[in-house]
Amino acid sequence: METMIRVENIAKGYDNEQIIHPLTLSVYEGEFLTLLGPSGCGKTTLLRMIAGFEEPDSGEIFLAEKPVKDKPPYQRDVNMVFQQYALFPHMNVEQNILFGLQMKKVSKDEQQLRLREVLEYTQLKDFCKRMPTQLSGGQQQRVAIARAIINRPKVLLLDEPLGALDYQLRKSLQLELKNLQRKLKITFIYVTHDQEEALVMSDRIVIMNKGRIEQIGTPETVYNTPKSLFTAKFIGENNIFRQGERVFCVRPENVHISIADGIEGKSATIRDVVFTGNYHKIYMLAEGETTPILTYDYGNQTKWAAKQQVVISWLPESEVTLIE
Amino acid sequence: MNKKGKLLAVPTLVWLSLFFALPLLVMLVVSFYQRGLYGQVVPSFTIDNYLRFFEPLYMSILVETLIVSFITTIGTLLLAYPLAYYISKIPRSRQNIWLILVMVPFWINFLIRSYAWVIILRSQGIINTVLLKIGIIEIPLNLLYNWGSVMLGMIYTLLPFMVLPLYVSLEKLDKQRLEAAYDLGATRLRAFWHITLPLTKPGIIIGSVLVFVSSLGMFVVPDIMGGAKSMLLGNVIQNQFLSARDWPFGSAISMLMIILSALLIALYYKAMQWEDENTRLEGD
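All values reported here derive from a predicted model rather than from experimental measurement. Each chain has its residues counted from 1, following the order in which its sequence is written. Note on labels: chains are lettered from A, ligands numbered from 1, in written order. Given that this is a predicted model, residues contribute local features only at a pLDDT of at least 70 and side-chain atom pairs are listed and counted only at 80 or more, while totals for whole chains, interfaces and linings are drawn from all residues. Only hydrogens and water are set aside; all other atoms, that is, all heavy atoms of the structure, feed into the side-chain values.

Caption draft 1: Representation of the overall build of chain B. We count a stretch as a helix when DSSP gives it H or I for four or more residues in a row; a strand needs E for two or more, and each element gets its number in order from the N terminus. Summing up its helical and strand segments, chain B has 14 helices and two strands in all. Its C-alpha atoms put chain B at 75 × 75 × 35 Å along the principal axes. Per-residue burial over chain B gives 41% buried out of 284 residues. It only takes one pair of heavy atoms within 4.5 Å for two residues to be counted as in contact. Counted over contacts in chain B with a minimum sequence separation of 6, partners at least 24 positions apart contribute 66%. For every accessible area listed, the method is Shrake-Rupley and the probe measures 1.4 Å; residues are considered covered only by the protein chains on display. In the form shown here, chain B has an accessible surface area of approximately 16,200 Å², with 72% of it arising from carbon and sulfur atoms. In chain B, 21 side chains carry a positive charge and 15 a negative one; their mean positions are 6 Å apart. Whether a residue is buried, partly exposed or exposed follows from its accessible area with a 1.4 Å probe, protein chains only, as a fraction of its type maximum: under 20%, in between, or over 50%, in that order. Here the positive residues are Lys and Arg and the negative ones are Asp and Glu; neither His nor the chain ends is included. We put the charge of a Lys on NZ, of an Arg on CZ, of an Asp on CG and of a Glu on CD.

Caption draft 2: Here's a closer look at the domain arrangement of chain A. Residues and elements named next belong to chain A. Domain assignment breaks chain A into domain 1 (3-229) and domain 2 (241-321). Where each domain begins and ends is defined by an automated method or by a domain database. Look at where the C-alpha atoms of domain 1 and domain 2 centre, and you get two points 40 Å apart. Buried surface at the junction of domain 1 and domain 2, summed over both partners, amounts to about 460 Å²; 51% is from carbon and sulfur atoms. Contact with domain 2 buries surface across domain 1, with Tyr-223, Pro-226 and Leu-229 losing the most and accounting together for 80% of the total. We count a salt bridge whenever a side-chain nitrogen from Lys or Arg sits within 4 Å of a carboxyl oxygen from Asp or Glu. At the surface where domain 1 touches domain 2, the tally comes to zero salt bridges. Any N or O atom pair separated by 3.5 Å or less is treated as a polar contact, with the protein-specific requirement of one donor-capable and one acceptor-capable atom, and with residues adjacent in sequence counted only for side-chain atom pairs. Here domain 1 is connected to domain 2 by two residue pairs in polar contact (both at pLDDT 80 or more). The greatest single-element share of the side of domain 1 that touches domain 2, amounting to three residues, is contributed by helix α7 (residues 219-224). Values labelled buried area give the accessible surface lost by two parts on being combined, using a 1.4 Å probe and summing over both.

Caption draft 3: Highlighting the sheet that holds strand β8 (residues 187-192) of chain A. Residue and element names in this part refer to chain A. Should DSSP find at least two bridges between two strands, the strands are regarded as paired. Spatially, six strands are ordered β6-β7-β8-β3-β9-β10 in an open sheet, and the strand pairing comes out mixed. Edge positions in the open sheet fall to β6 (78-81) and β10 (212-217), since each of these has one partner strand only. Going across the sheet, the axis of each strand differs from the next one's by a mean of 20°, ignoring polarity. All axes are obtained by fitting lines to C-alpha atoms, using only the stretch in contact for helices, and the reported angles, taken between N-to-C directions, cover 0 to 180 degrees.

Caption draft 4: Representation of the sheet that holds strand β13 (residues 256-259) of chain A within the structure. Residues and elements named next belong to chain A. Read from one edge of the open sheet, five strands run β13-β17-β14-β15-β16, paired in antiparallel fashion. The two strands at the open ends of the sheet, each matched to only one other strand, are β13 and β16 (293-298). On average, each strand axis in the sheet is inclined to that of its neighbour by 45°, with strand direction left out of account.

Caption draft 5: Just the nonpolar core, in detail. Residue and element names in this part refer to chain A. Formed by 45 residues in total, the largest nonpolar core has its most connected members in Ile-5, Leu-25, Leu-35, Leu-46, Phe-99, Leu-157 and Ile-189. The residues contacting Leu-157, other than those within four sequence positions of it, are Leu-47, Ile-50, Ala-51, Val-78, Asn-79, Met-80, Val-81 and Ile-189. By nonpolar core we mean a set of buried residues, namely Ala, Val, Leu, Ile, Met, Phe, Trp, Tyr and Cys, connected to one another through side-chain atoms within 4.5 Å. Judged by nonpolar contacts, the second largest core, of 34 residues, contains Cys-128, Leu-135, Leu-165 and Ile-186.

Caption draft 6: Seen up close, the packing of aromatic side chains. Residues and elements named next belong to chain A. Classification of ring pairs uses Phe, Tyr and Trp, with its six-membered ring standing for Trp, and accepts pairs whose centres are within 6.5 Å; under 30 degrees between planes counts as stacked, over 60 as edge-to-face, and the remaining range as tilted. Using the criterion set out here, one finds 21 aromatic pairs over all chains in the structure. A ring pair is formed by Phe-230 and Phe-234, whose centres lie 5.4 Å apart and whose planes are at 10°; its orientation type is stacked. Of the two residues, Phe-230 and Phe-234 both sit in helix α8 (residues 229-234), four residues apart, roughly one turn of that helix. By the ring-pair criterion, three or more aromatic residues cluster together here, those being Phe-32, Phe-188 and Tyr-190. Two conditions define a charge located above a ring, namely a distance within 6 Å from the ring centre to NZ of Lys or CZ of Arg, and an angle within 35 degrees of the ring normal. Against the face of Phe-62 rests Arg-6, its NZ or CZ located 4.7 Å from the ring centre.

Caption draft 7: Structural context of the interface of chain A and chain B. With 28 residues of chain A in contact, the opposing surface of chain B contributes 23 residues. Interface area, chain A with chain B, both sides summed: about 2,300 Å², of which 61% is carbon and sulfur. Counting every contact that joins chain A to chain B gives one salt bridge. Put simply, Arg-48 of chain A and Glu-179 of chain B hold a salt bridge, and the shortest N to O gap is 2.5 Å. The interface formed by chain A and chain B includes eight residue pairs in polar contact (both at pLDDT 80 or more). Contributions of two or more residues to the side of chain A that touches chain B are made by β6, α2 (93-103) and α4 (137-149) of chain A.

Caption draft 8: Here's a closer look at the packing of helix α5 (residues 92-103) of chain B against helix α8 (residues 147-172) of chain B. Residues and elements named next belong to chain B. The interhelical angle for the contact between α5 and α8, taken along N-to-C directions, is 160°, at an axis separation of 10 Å. Judged by the angle between their axes, α5 and α8 are roughly antiparallel. Both α5 and α8 take part in a crossing whose hand is left-handed. Touching Arg-92, Gln-95, Leu-99, Val-102 and Met-103 of α5 are Pro-160, Val-163, Leu-164, Tyr-167 and Glu-171, all from α8. Under the convention adopted here, Pro, Cys and the residues Ala, Val, Leu, Ile, Met, Phe, Trp and Tyr are nonpolar, Asp, Glu, Lys and Arg are charged, and Gly plus all remaining residues are polar. Broken down by class, the residue content of the contact of α5 with α8 amounts to seven nonpolar, one polar and two charged. The scheme is simple: roughly parallel for angles under 35 degrees, roughly antiparallel for over 145, roughly perpendicular for 65 to 115, oblique for anything else. Helix crossings get a hand from a simple test, with the near helix turned counterclockwise from the far one by less than a right angle marking a left-handed crossing and a clockwise turn marking a right-handed one.

See the structure below:
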């Protein structure tokens, strides 16, 4: 795989605060890469440095092997989809989408050709002459994407593009975006704080915390074998255990519970049973411990109830040792 | 709204009726009356006052007034836009200092400020004295009592009315939209032309209407800084009431000016509406 973007020893600070500690990252051609982390972890700053809106204090950024750190945004072959879409309110949908091509003085014929193409991709054909104010949030979001991809950038940067939308719409747009990326074969760098979104869409996930990369890997890797305590807690739900110096986690779905009648394992008391739709969450307190252990019981009926005495067990391979 | 709530508006309503609506009504009535021999108002109906305004003498003053107001508007716009742009870009704490500096002249009496200009510009004034002393000129320059000094005074006086609405517009401008323009390949200049300028149009219109309407009625500046040579519509009205003692004619010109101003203010509301519709997007 060709490297599309290489970020080398990039660092950034404001005043006395270090936003990004020197970090290095490669993004491959045609990849859907997600920068995932809580707010303030530096993911948006990293994205903005790639776009050219922020200047790194040190390090270099390579786009298709060429250094771009000193180039202004309008000379970089990347485009961005902004969190609040940042559509131009005084232009209709078509004018918004064509803005980039007009700035680059692309011929009128070519403009129309590409316009038809992206309208097809984004299903915006019927909204061409509408003003942004006359569109729903989801439609505005599509215009923002169309406006960016019509330039055929090498890399598309997306800064929490679904953050402003409601849950149902977000779900369907996640898949739509993923399909679009597959069709276009453009490299996507996607910023989000929503771990579920990251798992659904990404080829690889970069987990960031306090300006550092905690782990890079496929959704399966980061979910099943988190390296650090932070990753283990941030992605999905997890049970964290400490045995002396060793810290490890066991996913709730790997924790087995059975009725307390002499089976080997930790004995515990059920504290809460919570119905979530397609499964029950069961919170248990092991003897002499204060943090509850969580497991899932699938199906819409459950035989478990609060205050019940149970035995908890898991397979040794379910334990994942973590760096603190 | 209940009855008690309506009572709250009574003082203002009484005040406005007594000191605004009533005098306006009186002026409207007087504008259709005639001037008596000794300058008294004779209550007999005529539209001559209005027709008289369309005589060439007054038409040329109207045209002059419109030209002066237009140039004043353009002048304040060209000066105010870069200033407002600068203020909107600096950190917030420093913005306030700049805005206060823009408004400081309002706290000083208008007449005093106009006479200060006279002191600066007259033939024994500060500028001429300095230029004579350092030998750049041998006879004092005529800096005062011409159209140039009137324009200078007008632009100076009305500048804040342009800076403030422009600042509000620029300050509201979503920075992300500019970034989007850069991202899509626009240079700074083109982003300004295609994004900043159109999106601050409401501020430009509001500022222009404020300045234009204010300059239409301005009579103190042309009086003090223009001398006898410059006569604007405001001066004509002032003369009709004070020297010529022709109240009906003065009233008629005033009514016409009110109509003209009202038309411009209608435009201002159109601009406000436009802005309302277009800022809604940011809240989504």
